[in-house]
Amino acid sequence: MTYTYFDQDTLCRMIEKKEQFQNFIDVIVCEVHAFFKNFHDSPERVSAWGHHYFCKDDGAVLIYNENNPNSHSCSLCGKEFNNIEQLNGAWISMYRNQAAINLWKSALLFKLTNNEIYFNYIMECTAFYNRHYQQFKLHNKEGDQFESLANMAWGCGRIMPQALNEAIFLIRMIHALQLIRKHIPDNFMNDLKSGIFDKAFLLLRKQINKIHNIPCWLNSAIGIMGLFSSNNEMIDFAFNGEYNINRQLTEGVTADYFWYEGSIHYNFFLLEGIVHLLHFSRLYEHGFQTGLDYVKRMLVQAYKYAFNSHQFPNPNDGWPDVNLKSYSYIYSTAAKIYGSGSQIAHMLSSILNTDVPRGTFPLSSPYYFQNDISLEEFLFAPAVRDKKTRIKNDESVNFKSSYCGLVKSDDINIFFKYGHNGPSHAHPDKMNIEAVVKGNILTRDLSNSGYGNRFCNEWHRVSASHNTVVVNGSNHSGFQGGICTYFDHNAIAATAKNVYTGVTFERKVEIIKKGFTDHFSVYSDKENIYDYLFHVQGTVASPLKTKSAELGYQDNGYQYFSDVQQVLSGNEDCRITWLVGEIEITSIIDLKDKQLYIASTPDNPVNLCRKTILVRTRAANSHFAVIWLFK
Ligand SMILES: [Zn+2]
Ligand SMILES: [Zn+2]
């Protein structure tokens with residue numbers, strides 16, 4: 001059967017049948033008119049990095065108001081930031097993102113209605129960016145501007161503040177153009193080819209110089225431009241260039257089929273870039289077998305990586321509180337690529353069929369109607385919602401080459417990260433664990449709060465915000481892999497050398513009846529201060545005898561510990577009962593030759609806080625043991 005961009009008959013049938021789909025259309029009609037009737041942009045306006053778009057006081061994301069380019073208010077404290085160049089620039093990036101998404105929606109509406117107004121919106125907006133493309137200042141996310149490609153720093157865009165965002169903009173624009181392709185006059189197509197496509201190719205190709213998620217997106221944009229405009233040079237570059245897309249996958253994806261940067265968000269972000277190219281490759285019958293093989297396996301593995309609740313463990317950089325549903329838009333495009341009867345389409349159905357609300361991203365969001373139906377699902381997989389598939393993901397798994405694993409019982413899920421594949425987007429969090437008990441999150445990784453936010457580097461990216469051991473108050477220094485020394489359905493253990501120079505960590509977590517045990521050993525040839533940390537997403541429910549205390553460190557995250565209390569236990573085992581979500585959990589902490597502290601530390605978002613257990617000892621070799629039991 002011929003591969004088509006989308007299946008219009010199925011979509012129309014679903015719109016007739018489902019009120020929610022009809023509402024989707026009603027809403028995008030209003031949004032598209034509102035956007036393009038007021039469309040205003042100029043190459044004089046220089047875009048800035050979206051990661052600046054956070055409140056300087058509390059780190060919360062600012063509210064983007066499409067009608068107000070110079071005023072930005074905090075989503076948390078409500079403070080208004082007016083006429084600040086960097087924020088205005090970030091607003092422009094978001095506005096242009098909206099332009100690209102509205103182009104795509106407008107093209108869909110044109111296909112469904114044949115109303116020329118939607119076609120004209122696309123032609124006018126695209127013509128604007130094409131006509132002025134070279135007038136947009138060559139600039140980067142740091143705010144530096146450059147006269148020419150010859151002296152440009154790596155990372156530049158023109159319309160957008162980074163080549164990465166430029167690629168995303170172009171891909172979305174071409175999705176729109178693809179939908180109206182047979183109506184595009186030849187002279188307009190030729191203008192695009194010699195204009196924005198050629199110029200963007202020169203800009204992007206120079207920046208594809210390593211195995212990394214950004215060059216993947218750039219390759220994808222170049223490949224899609226090439227396929228769409230029949231430019232063999234671009235196609236050849238994307239698929240056969242030095243750092244081509246096949247090489248990115250074969251070298252950048254681990255043997256367990258995860259992107260090497262060790263973050264589930266970057267894993268999916270990478271996949272998002274690749275599925276666009278796969279879709280266009282199928283459409284233009286350009287062989288991309290490596291992509292077909294890798295993407296399918298990566299999507300299956302990512303499904304297994306989630307907790308039973310579909311919430312994701314969240315190591316390294318990304319956004320907090322993401323779940324499988326956060327990425328349903330990527331599974332949707334893939335469901336089109338692999339077919340409506342494929343394993344991926346069934347996984348998408350299983351993702352959509354859960355009751356958990358979708359975890360959102362504060363920046364670079366895909367388009368979702370009511371945070372439920374993505375534009376991609378609507379276009380590419382409209383009938384999947386009718387499937388009733390439920391695919392279990394309750395198996396314990398160990399991803400040795402990605403240095404992490406999950407042990408799962410019906411009541412307890414524990415994620416364990418025991419190593420890194422290098423420093424890119426990594427947090428110094430070796431041996432970190434995340435745990436879910438009877439559906440309640442006991443502890444999780446905070447990921448981060450956006451790179452422009454000061455809490456990102458000062459808290460979310462330090463060792464002390466993780467459930468690990470901190471030595472002498474400083475961050476872990478090594479980003480090498482670790483070694484899994486034991487794994488079965490209920491237990492996982494690992495060791496990592498040189499977490500700090502000369503310091504070895506060993507940890508074992510094991511699910512037991514109504515709880516789990518945690519054993520953490522540290523070895524060094526000299527005496528150190530060891531702080532075992534565990535951050536609880538709950539409150540202390542048992543009375544504790546304490547006295548106010550100081551931890552003695554003022555940086556590497558310790559400056560954010562507040563209300564520090566030393567627990568005066570009197571016993572070698574200290575029992576603390578916690579209220580975590582709906583359940584009571586007791587921790588039994590071994591305190592032989594150790595002191596126990598409890599403090600408050602920031603969560604993500606940073607206006608919330610967690611209760612942190614800190615067990616301190618001074619020794620060369622030491623062992624920490626905690627048992628967690630639920631009622
Ligand atoms: Zn604020
Ligand atoms: Zn982290």
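### Some thoughts on the coordination of the zinc ion (ligand 2)
Reasoning step 1: Coordination of the zinc ion (ligand 2) by the protein involves His427 (ND1), Asp445 (OD), Asp445 (OD) and His466 (NE2), with metal-donor separations of 2.1 to 2.5 Å.
Reasoning step 2: For the zinc ion (ligand 2), the 4 donor atoms in the first shell make angles of 52 to 160° at the metal, so the coordination geometry reads as irregular.

### Overview of the environment of Lys206
Reasoning step 1: Relative to the helices and strands, Lys206 is located in the loop between α6 (186-205) and α7 (213-229).
Reasoning step 2: Considered as a pair, Lys206 and Met152 are 54 residues apart in the sequence and their alpha carbons are 9.6 Å apart.
Reasoning step 3: For Lys206, the contacting residues outside a window of four places in its chain are Leu149, Ala150 and Met152.
Reasoning step 4: Of note is the side chain of Lys206, whose polar atom sits 3.1 Å from the backbone oxygen of Leu149.

### Quick notes on the packing of aromatic side chains
Reasoning step 1: Evaluated as defined, the whole model comprises 57 aromatic pairs.
Reasoning step 2: Each ring, one from Phe268 and one from Tyr327, has its centre 4.1 Å from the other, and the planes form 10°; the classification is stacked. On the criterion of sequence distance, the pair formed by Phe268 in helix α10 (residues 264-283) and Tyr327 in the loop between α11 (289-305) and α12 (328-338) is long-range, its members being 59 residues apart. Here Phe268 matches Tyr327 in class, with each residue buried.
Reasoning step 3: Clustering of aromatic rings is evident, with ring pairs tying together Phe35, Phe36, Phe39, Tyr64, Trp91, Tyr95, Tyr118, Tyr121, Phe128, Tyr129, Phe136 and Phe169.
Reasoning step 4: Over the aromatic face of Trp49 sits the side chain of Lys141, whose NZ or CZ is 5.1 Å from the ring centroid.
Reasoning step 5: The ring of Trp154 has Lys210 sitting right over it, with the charged end atom 4.1 Å from the ring centre.

### Here's the deal with the pairing of strand β10 (residues 412-417)
Reasoning step 1: Counting buried positions over the 6 residues of β10 gives 6, a clear majority of the element.
Reasoning step 2: Here 5 bridges tie strand β9 (residues 404-408) to β10, and the two strands are oriented antiparallel to one another. Pairing of Gly405 across the sheet is with Phe416, part of β10.
Reasoning step 3: In this structure, β10 lies alongside strand β11 (residues 433-437), joined through 5 bridges in antiparallel fashion. What sits directly across from Phe416, in β11, is Ile433.

### Describing the packing of helix α5 (residues 163-179) against α6
Reasoning step 1: Close contact between α5 and α6 brings their axes to 11 Å; oriented N to C, the two are set at 150°. Judged on the interaxial angle alone, α6 and α5 are roughly antiparallel. The element α5 and its partner α6 pack so that their crossing is left-handed. Along its contact with α5, which presents Ala163, Glu166, Ala167, Leu170, Met173, Ile174 and Leu177, the element α6 presents Leu192, Ile196, Phe197, Ala200, Leu203 and Leu204.
Reasoning step 2: Here the contact of α5 with α6 is built from residues that sort into 12 nonpolar, no polar and 1 charged.

### Description of the pairing of strand β24 (residues 595-602)
Reasoning step 1: For β24, a buried count of 7 out of 8 residues is recorded, marking the element as mostly surrounded by other parts of the structure.
Reasoning step 2: Pairing geometry for strand β21 (residues 562-567) and β24, over 3 bridges, is antiparallel. By the bridge assignment for β24, Ser562 is matched with Ser600.
Reasoning step 3: Here β24 pairs with strand β25 (residues 609-619) via 8 bridges, running antiparallel. Residue Ile598 lies in a different strand from β25, and its bridge partner there is Ile613.
Reasoning step 4: Following β24, the chain reverses through 6 residues before pairing antiparallel with β25.

### Topic: the environment of Leu249
Reasoning step 1: Relative to the helices and strands, Leu249 is located in helix α9 (residues 245-252).
Reasoning step 2: A relative accessible area of 0% places Leu249 in the buried class.

### Some remarks on the sheet that holds strand β23 (residues 583-590)
Reasoning step 1: Strand order in the open sheet made by the 8 strands is β14-β15-β16-β17-β26-β23-β22-β19, with antiparallel pairing throughout. The open sheet has two edge strands with one neighbour each: β14 (483-487) and β19 (539-540).
Reasoning step 2: As paired elements, β14 and strand β15 (residues 491-500) share 4 bridges and run antiparallel to each other. When the sheet's bridge partners are listed, Phe487 is paired in β15 with Ile492.

### As for the side chain of Lys408
Reasoning step 1: As for its position among the elements, Lys408 is in strand β9.
Reasoning step 2: Buried charged residue Lys408 carries no salt bridge. Nearest counter-charge: Asp394, at 6.9 Å.
Reasoning step 3: Polar side-chain contacts of Lys408 include one of 2.6 Å to the backbone oxygen of Ala306.
Reasoning step 4: In contact with Lys408, other than residues within four places in its own chain, are Lys304, Ala306, Phe307, Asn308, Asn393, Asp394, Glu395, Ser396, Asn413, His489 and Ile511.

### A word on the side chain of Ser326
Reasoning step 1: Note on placement: Ser326 falls in the loop between α11 and α12.
Reasoning step 2: Among the polar contacts made by the side chain of Ser326, one reaches the main-chain carbonyl oxygen of Gly359 at a distance of 2.7 Å.

### Remarks on the pattern of salt bridges
Reasoning step 1: Under the criterion given, the structure shown has 22 salt bridges.
Reasoning step 2: Asp386 is the salt-bridge partner of Lys17, the closest N and O atoms lying 2.4 Å from each other. Taken together, the residues span a long stretch of sequence, with Lys17 in helix α1 (residues 8-17) and Asp386 in the loop between α14 (375-380) and β8 (397-399) at a distance of 369 residues.
Reasoning step 3: Judged by relative accessible area, which is 54%, Lys17 ranks as exposed.
Reasoning step 4: Asp386 gets classed as partly exposed once you look at its relative accessible area, which sits at 29%.

### Focus on the confidence of the model for the protein chain
Reasoning step 1: On average, residues of the protein chain score 96 in pLDDT, and 100% of them are at 70 or above.
Reasoning step 2: Here the predicted complex scores 0.96 on pTM and 0.94 on ipTM.

### Some words on the nonpolar core
Reasoning step 1: Ranked by internal contacts, the top residues of the largest apolar core, which has 161 residues, are Phe197, Phe268 and Tyr331.
Reasoning step 2: Val437, Tyr500, Val522 and Phe630 belong to the second largest nonpolar core, which has 66 residues in total.

### Here we look at the sheet that holds β8
Reasoning step 1: Taken together, the 5 strands give an open sheet; going across it, the order is β8-β9-β10-β11-β12, and neighbouring strands pair in antiparallel fashion. Whereas interior strands pair on both sides, the edge strands pair on one side only; in this sheet they are β8 and β12 (440-443). Each strand of the sheet is rotated relative to its neighbour by a mean of 15°, with strand direction disregarded.

### A short note on α7
Reasoning step 1: Compared with the 24 Å implied by 1.5 Å per residue over 17 residues, the 24 Å span of α7 between its first and last C-alpha is a close match.
Reasoning step 2: Within α7, 17 of the 17 residues are buried, which leaves the element mostly enclosed by the surrounding structure.
Reasoning step 3: Among the residues trailing α7, Ser230 stands out with phi positive, at a value near 50°.

Criteria and thresholds
- Residues numbered from 1 in each chain as written.
- Chains lettered and ligands numbered in written order.
- Predicted model: local features only at pLDDT ≥ 70, side-chain atom pairs only at ≥ 80, totals over all residues.
- Heavy atoms only, no water.
- Donors = N, O, S within 2.8 Å, 3.2 Å for Na, K, Ca; no water.
- Tetrahedral: all angles 85-135°; square planar, octahedral: opposite > 155°, others 65-115°.
- Helix = DSSP H or I, 4+ residues; strand = E, 2+ residues; numbered from the N terminus.
- Contact = heavy atoms within 4.5 Å.
- Polar contact = N/O pair within 3.5 Å; in protein donor to acceptor, adjacent residues only side chain to side chain.
- Phe/Tyr/Trp six-rings, centres within 6.5 Å; stacked < 30°, edge-to-face > 60°.
- Buried < 20%, exposed > 50% of the residue type's maximum accessible area, 1.4 Å probe, protein only.
- Lys NZ or Arg CZ within 6 Å of the ring centre and 35° of its normal.
- Pairing = 2+ DSSP bridges.
- Axes fitted to C-alpha atoms, helices over the stretch in contact; angles between N-to-C directions.
- Parallel < 35°, antiparallel > 145°, perpendicular 65-115°, else oblique.
- Left-handed = near helix turned anticlockwise from the far one by under 90°.
- Nonpolar A, V, L, I, M, F, W, Y, C, P; charged D, E, K, R; others polar.
- Lys, Arg positive; Asp, Glu negative; His and termini not counted.
- Salt bridge = Lys/Arg side-chain N within 4 Å of Asp/Glu carboxyl O.
- pLDDT = per-residue confidence, 0-100.
- Core = buried A, V, L, I, M, F, W, Y, C linked by side-chain atoms within 4.5 Å.
- Expected span 1.5 Å × (residues − 1).

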